Every structure is written in C-alpha cells, then in structure tokens.
Amino acid sequence: MVSCSRVVLRKYGDFIDNLRLFTRGGSGGMGYPRLGGEGGKGGDVWVVAHNKMTLKQLKDKYPQKRFVAGEGANSRVSALKGSKGKDCEIPVPLGISITDENGKIIGELNKEKDRILVAEGGLGGKLLTNFLPLKGQKRVIHLDLKLIADIGLVGFPNAGKSSLLSKISHAKPAIADYAFTTLKPELGKIMYNDFKQISVADLPGLIEGAHMNKGMGHKFLKHIERTKQLLFVVDVSGFQLSSQTQYRTAFETILLLSKELELYREELQTKPALLAVNKMDLPDAQDKFHVLMNQLQNPKDFLHLFEKNMIPERTVEFQHIIPISAVTGEGIGELKNCIRKSLDEHTNQEKDAYHKKQLLNLRISNTISYSELPSKNAVTSARIDIT
C-alpha cells in the first residue's frame, strides 16, 4: 500500500499546475540636484506566454522563484537623464491565470507572446521626489495553469478515456486496467486529411464529490474550464470505483458527471457536448446501448428513480451520441467526424454572432451620428472642436 502511494505522488509530481513567485520592480536611479538631472526608472517585471514552456521548466530553471528587475541608472553630468533599468521577463505556458496574494485576478495569458505587467519599477530621483529614487513594487503572485484545448474528455476513472485518446490522436498516454491511470493531463491532437488539427485533453479521473475537491477534484475541474467543448466518455456497462462504492449504470454516470460540473460551476454545462459510449465490444453491449438511448431520449420517465441530489438542474443535451470501442476501433472514424462537425458549427455560430454584433454597433453609431446633425435652421459656430 505504501509503495503504491509513492508511485502516485512521484508520477503526479512530474506535472505542475500552480506556482507561487516573488516579484519586485527595480529601484529608480539617483537624481542630480545641482543640474536638475533625473534618475532612470527601475525595470518592470512582466509575465510572458510561450508555446513551448511548462511550469515545471520554470520551477527547474528558477528554483528560488524570485524575479527582480534591474535598477535605473543614476543621473550624471554626461547623461542627466538616467537610462531605464532592465526589465525582467517570466516565461510561462499558455493558459495561465495570474492572481495576487489576496486572490485578486491580475490577468490571463492565452496566446503566444501575451504579456502582463506584475511589478512596476520605481521612479528615478527628480525634483518632485527631492531627487531621491523610489523603490520598485513588491508583489507575490500565483500562476495557475488551466489547460487550453478544443475538446476536454469528461468521464469517471476507467471509462477508457486514455485508450480513446491514443486511438484518435498521436498521444501515448499510460493505459492500465485500474482506476486513476491518468494522474496528470494528457494532450493529443486529431489530424485530419486537410491538415486541420484539433487538440484533445484527457484530464485526471473525476469521481463523485469532485466539486468538494474529493479525489483530484478541483485539479480536474479547473482544467475543463479552458476547453471549447466537452466529450463525455462513459462505459456502456456502467461504473464502480471500488467494492466499497455503489455501482452506477451508464445513465447514472452521465447524470453524476453533469451534476459534478453543475456544482463546481454552472457555466460548464452551457458548453457544447458530445457523448461517446465506450466498450461496445463487450457482451450485451448493444442491448445496454438501446436501454441508455431510451433513457437519454426520455429522461423524465426515469429521473424519479434516483436520489434528488444526483439529478442536475438541467440535463446535458448532446449534439452527437456515438457508440464506440477504443479497443477495436469501432465508431472512431465517426467520432472524429462528429468532433470536427461540432467544432466547425460552433466556430461559424461565433463568427455569425460577432458579425451581428459589429453590424448592430455600426447601426447604433450611424443613428447617433444622424441624430447629432444640426437642423437647417440651427445656428452653427464657425469653430469646430474635434475631441
């Protein structure tokens, strides 16, 4: 038992999704009172997003986790205006949320080269400060990684998510016949014939009570916030975590997964969702699949059979339901096509909504412009102020 827990800790230790850092802007340079010279401003500390960076690399490279910018140059006879201190840049992966020591959000970095100022350098000495420099800003910040992916796999342990990821993408996750195989997020990419790529994240196994941080709880749920769509993966035969926990049918599994998302953050249920019913190669799988489809099509006929605390406020409406077998490859091609179709439809809807908003803003702008035009009888001033 002891050796098993050591393996889990060591394996999860390879992946870091949060870091606490000390940052300080550089002090300003001294002014030159006799000649009115100004010292240079201290350097600033910036957090900058890089595609090929991880928080583990950041921690390994900077074990002290201290980032201090350079001091501004002093004013002198040959350079009355001192030069600015050297900025300090902290390289981080995409998908980082930055908060201060009080939990206040400073900003997010979602694209390559996105940057956020986290600690400002102090002003150089000048007349206003009696030519004495100011110290730079001190700030303790928290970096919180929330993966960015097109598709996030949602399912209880042993639903076959890792096997599915290896089938539909080039990822090579560790796969075994026991719960909690996935102890860290795994990312894969689906490659299409027209060179389109769709990223898929297999996230650490969700369990009942995850919204209360049971199991991997918030480590799982926070990552799913940064996916465009959800792909529920359920075992057609149902699920039982251990001999001490209750057996759940495939339909109950879907209800519980939906409830966990709802209790953690209701907005997660508004994401477009697909359902992959896995392990269709097992005996009696077809019969069980027909039962599940009947339950999904007529949920109100069955919800009274379950405890109230299991039932989500709103049931997830799946855009596509695909029976698959991650072992034999059954339904994998159709699943890839449905994922592509769903994402394309969502992208087109977002574009349409954006264009409609732009058109509405243009109409409002024109309406305001026309209403501000002077009437024929109005007296106009010869002077026009442009603000």
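The present account deals with the structure reproduced in this document. (Residues numbered from 1 in each chain as written. Predicted model: local features only at pLDDT ≥ 70, side-chain atom pairs only at ≥ 80, totals over all residues. Heavy atoms only, no water.)

## Concerning the environment of Gly85
Reasoning step 1: By secondary structure assignment, the location of Gly85 is in the loop between β3 (66–68) and β4 (88–92).
Reasoning step 2: Gly85 gets classed as buried once you look at its relative accessible area, which sits at 7%.
Reasoning step 3: Counting along the chain gives 14 residues from Gly85 to Glu71, while the straight-line C-alpha distance between them is 4.6 Å.
Reasoning step 4: Every residue in contact with Gly85, bar those within four places of it in the chain, is listed here: Lys41, Gly42, Gly43, Gly70, Glu71 and Gly72. (Helix = DSSP H or I, 4+ residues; strand = E, 2+ residues; numbered from the N terminus. Buried < 20%, exposed > 50% of the residue type's maximum accessible area, 1.4 Å probe, protein only. Contact = heavy atoms within 4.5 Å.)

## Here's the deal with the pairing of strand β11 (residues 197–202)
Reasoning step 1: Within β11, five of the six residues are buried, leaving the element largely enclosed by the surrounding structure.
Reasoning step 2: As paired elements, strand β9 (residues 149–154) and β11 share three bridges and run parallel to each other. When the bridges of β11 are listed, Ile151 appears paired with Val200.
Reasoning step 3: With six bridges joining them, strand β10 (residues 186–191) and β11 adopt antiparallel strand pairing. In the sheet register, Ile190 faces β11, and the bridge partner there is Ile198.
Reasoning step 4: Connecting β10 to the next strand, β11, in antiparallel fashion are five residues, including Phe195 with a positive phi near 75°. (Pairing = 2+ DSSP bridges.)

## Quick notes on helix α6 (residues 285–297)
Count 3.6 residues to each turn of an α-helix, and residues three or four apart come out pointing the same way.
Reasoning step 1: Between its first and last C-alpha, α6 extends 18 Å over 13 residues, near the 18 Å set by a 1.5 Å rise per residue.
Reasoning step 2: Those residues of α6 not exposed but buried are Ala285, Phe289, Leu292, Met293 and Gln295. The buried residues of α6 occupy an angular sector of 160° when the element is viewed end-on, so they sit on one face. Along α6, the residues that are exposed and aim more than 90 degrees away from the buried face are Asp287, His290 and Gln297.
Reasoning step 3: The inward-facing, buried residues of α6 abut α5 (250–264), β13 (273–278) and β14 (318–323). (Expected span 1.5 Å × (residues − 1). Arc of directions from axis to C-beta.)

## Re the environment of Pro33
Reasoning step 1: Locating Pro33 in the fold gives a position in the loop between β1 (18–24) and β2 (45–49).
Reasoning step 2: Assessed through its relative accessible area of 56%, Pro33 is described here as exposed.
Reasoning step 3: Separated by 98 residues in sequence, Pro33 and Phe131 have C-alpha atoms that sit 6.1 Å apart.

## Remarks on the packing of aromatic side chains
Reasoning step 1: In the structure shown here, the tally under the stated rule is five aromatic pairs.
Reasoning step 2: Taking 5.2 Å as the distance between ring centres and 75° as the angle between the ring planes, the aromatic pair formed by Phe232 and Phe318 counts as edge-to-face. With Phe232 in strand β12 (residues 227–235) and Phe318 in strand β14, the pair connects residues that are 86 residues apart, well separated along the chain. We note that Phe232, like Phe318, is buried.
Reasoning step 3: Put simply, the rings of Phe251, Phe302 and Phe306 touch in pairs and so form one group of aromatic residues.
Reasoning step 4: Lying over the aromatic face of Trp46, Arg115 brings its terminal NZ or CZ to 4.7 Å of the ring centre.
Reasoning step 5: The ring of Tyr192 carries Arg340 above its face, with NZ or CZ at 5.1 Å from the centroid. (Phe/Tyr/Trp six-rings, centres within 6.5 Å; stacked < 30°, edge-to-face > 60°. Lys NZ or Arg CZ within 6 Å of the ring centre and 35° of its normal.)

## Some words on the pattern of salt bridges
Reasoning step 1: Summed over all chains, the structure comprises 18 salt bridges.
Reasoning step 2: The salt bridge partner of Asp87 is Lys84, with a shortest N-O separation of 2.5 Å.
Reasoning step 3: A relative accessible area of 32% means that Asp87 is categorised as partly exposed.
Reasoning step 4: Judged by its relative accessible area of 42%, Lys84 is partly exposed.
Reasoning step 5: Salt bridges linked by common partners bring Lys41, Asp44, Lys84 and Asp87 together as one network. (Salt bridge = Lys/Arg side-chain N within 4 Å of Asp/Glu carboxyl O.)

## Observations concerning the sheet that holds strand β8 (residues 138–145)
Reasoning step 1: Here we have five strands laid out as an open sheet, ordered β3-β1-β8-β5-β6, and mixed in their pairing. Only two strands of the sheet have a single partner each, and these edge strands are β3 and β6 (105–109). Taking the axes of each pair of neighbouring strands and ignoring which way they run, one obtains an average angle of 25° across the sheet. (Axes fitted to C-alpha atoms, helices over the stretch in contact; angles between N-to-C directions.)

## Concerning the side chain of Ser325
Reasoning step 1: Mapped onto the secondary structure, Ser325 falls in the loop between β14 and α7 (332–371).
Reasoning step 2: Ser325 sits in the buried class, given a relative accessible area of 0%.
Reasoning step 3: A polar side-chain atom of Ser325 sits 2.8 Å from a polar atom in the side chain of Asp281.
Reasoning step 4: Setting aside anything within four residues of it in sequence, one finds Ser325 in contact with Asn278, Lys279, Met280, Asp281, Glu330 and Ile332. (Polar contact = N/O pair within 3.5 Å; in protein donor to acceptor, adjacent residues only side chain to side chain.)

## Observations concerning the nonpolar core
Reasoning step 1: Ranked by size, the top nonpolar core spans 60 residues in total, and within it Leu58, Ile98, Leu143 and Phe232 carry the most contacts.
Reasoning step 2: Of the residues forming this core, the biggest block, eight residues, is contributed by α5.
Reasoning step 3: Every residue in contact with Ile98, bar those within four places of it in the chain, is listed here: Val47, Lys104, Ile105, Ile106, Gly107, Leu109, Ile116, Val118, Ile141, His142 and Leu143.
Reasoning step 4: Listed in part, the 22 residues of the second largest apolar core include Ile190, Ile198, Leu274 and Ile324. (Core = buried A, V, L, I, M, F, W, Y, C linked by side-chain atoms within 4.5 Å.)

## Some details on the sheet that holds β4
Reasoning step 1: Across the sheet, which stays open at both edges, the three strands sit in the order β4-β2-β7 with mixed pairing between neighbours. Each of the sheet's edge strands pairs with one partner strand only, and the pair in question is β4 and β7 (115–119). Averaged over all pairs of adjacent strands, the angle between strand axes in this sheet comes to 30°, irrespective of strand direction.

## Re α5
Reasoning step 1: In this model, α5 (15 residues) spans 21 Å end to end at C-alpha, consistent with the 21 Å of a helix rising 1.5 Å per residue.
Reasoning step 2: Along α5, 14 of the 15 residues are buried, which leaves the element largely enclosed by surrounding structure.

## So, unusual backbone geometry
Reasoning step 1: Unusually for a residue other than glycine, Phe131 sits at a positive phi of about 65°.
Reasoning step 2: Looking at the element boundaries, Phe131 is found in the loop between β7 and β8.
Reasoning step 3: The class of Phe131 is buried, set by a relative accessible area of 10%.
Reasoning step 4: Unlike most non-glycine residues, Asp284 shows phi in positive territory, near 65°.
Reasoning step 5: Examined against the element boundaries, Asp284 turns out to sit in the loop between β13 and α6.

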